[in-house]
Amino acid sequence: MSKQGLAFSLVNEFLQKKVGIFVQDLPDFDWYNWVEDDMTNEEVKELVPEIVWEMLDNSGMDRDYVNSICYPDEYEEE
């Protein structure tokens, strides 16, 4: 599986669990701006919250809500 395919799968899983939507429900997203083929699987996994944040923000979702989804530990501290 390509690293972009892995990212797509992980992001889709994250979105389904946290928001109940699929990647296909959001505006188009350029995976190549975020994920490179020479990244490790762990590096791709670490990017998932940031990718989701970007996707949800681009879709017009409220930033406070997006922060609470993508960075729940940091959001609770505020």
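Going by the structure above, here's the rest.
Residues numbered from 1 in each chain as written. Predicted model: local features only at pLDDT ≥ 70, side-chain atom pairs only at ≥ 80, totals over all residues. Heavy atoms only, no water.

**So, the overall build of the protein**
Keep this limit in mind: Numbered from the N terminus, helices here are DSSP runs of H or I no shorter than four residues, and strands are runs of E no shorter than two. Using C-alpha atoms as the atom set, the radius of gyration is obtained and then compared with a globule rule of 2.2 Å times the number of residues to the power 0.38. Burial status follows relative accessibility: with a 1.4 Å probe on protein chains alone, a residue under 20% of its type maximum counts as buried, one over 50% as exposed, and anything between as partly exposed.
The secondary structure content of the protein amounts to four helices and zero strands. A compact globule built from 78 residues would reach a C-alpha radius of gyration of about 12 Å, and the protein, at 12 Å, matches this within 12%. Dimensions along the principal axes, computed over C-alpha positions, put the protein at roughly 35 × 25 × 20 Å. Out of the 78 residues belonging to the protein, those deemed buried represent 35%.

**Things to note about the pattern of salt bridges**
Side chains that carry opposite charge are capable of pairing whenever their charged atoms lie near each other. Threshold: For salt bridges, the criterion is a side-chain nitrogen of Lys or Arg within 4 Å of an Asp or Glu carboxyl oxygen.
In the structure shown here, the tally under the stated rule is two salt bridges. A salt bridge links Glu 13 to Lys 17; the nearest nitrogen and oxygen atoms lie 3.2 Å apart. Linking Glu 13 with Lys 17, this pair stays in helix H1 (residues 3-18), spanning four residues, or about one helical turn. A relative accessible area of 39% places Glu 13 in the partly exposed class. Note that Asp 57 is salt-bridged to Arg 63, the shortest N-O span being 2.8 Å.

**Some details on the packing of H1 against helix H2 (residues 41-58)**
Where we set the bar: Angular values range over 0 to 180 degrees, each being the angle between N-to-C directions of two axes fitted as lines to C-alpha atoms, with helices fitted over their stretch in contact. An angle counts as roughly parallel when it lies under 35 degrees, as roughly antiparallel when it exceeds 145, as roughly perpendicular when it falls between 65 and 115, and as oblique in every other case. Take the far helix as the reference: if the near one is turned anticlockwise from it by less than a right angle, the crossing is left-handed, and if turned clockwise, right-handed. In this description, contact between two residues means that some pair of their heavy atoms is separated by no more than 4.5 Å. For this scheme, ten residues count as nonpolar: Ala, Val, Leu, Ile, Met, Phe, Trp, Tyr, Cys and Pro. Four count as charged, namely Asp, Glu, Lys and Arg, and the remainder, Gly too, count as polar.
Two elements in contact, H1 and H2, have axes whose closest approach is 9 Å; the angle formed by their N-to-C orientations is 55°. With respect to their mutual orientation, H1 and H2 come out oblique. Seen along the crossing, H1 lies across H2 with a hand that is right-handed. For the pair H1 and H2, the contacting residues are Lys 3, Leu 6, Ala 7, Leu 10, Val 11, Phe 14 and Leu 15 in the first and Asn 41, Val 44, Lys 45, Val 48, Ile 51, Val 52, Met 55 and Leu 56 in the second. Looking at the contact of H1 with H2 residue by residue, the classes come out as 12 nonpolar, one polar and two charged.

**What about H1?**
To keep things clear, this is the line we draw: Between the first and last residue of a helix there are one fewer steps than residues, each counted as 1.5 Å, and that sum is the expected span.
Between the first and last C-alpha of H1 there are 22 Å, a value that for 16 residues agrees with the 22 Å anticipated at 1.5 Å per step. Taken residue by residue, H1 has Lys 3, Gln 4, Leu 6, Ala 7, Val 11, Asn 12, Phe 14 and Leu 15 as its buried positions. Structurally, H1 contributes buried residues whose contacts are with H2 and helix H3 (63-70). Just past H1, the residue Gly 20 takes up positive phi, approximately 80°.

**Topic: the environment of Leu 47**
Relative to the assigned elements, Leu 47 resides in helix H2. The class for Leu 47 is buried, based on a relative accessible area of 14%. Separated by 19 residues in the primary sequence, Leu 47 and Val 66 place their C-alpha atoms 15 Å from one another. Setting aside anything within four residues of it in sequence, one finds Leu 47 in contact with Trp 34 and Met 39.

Geometric values such as these leave the question of function open.
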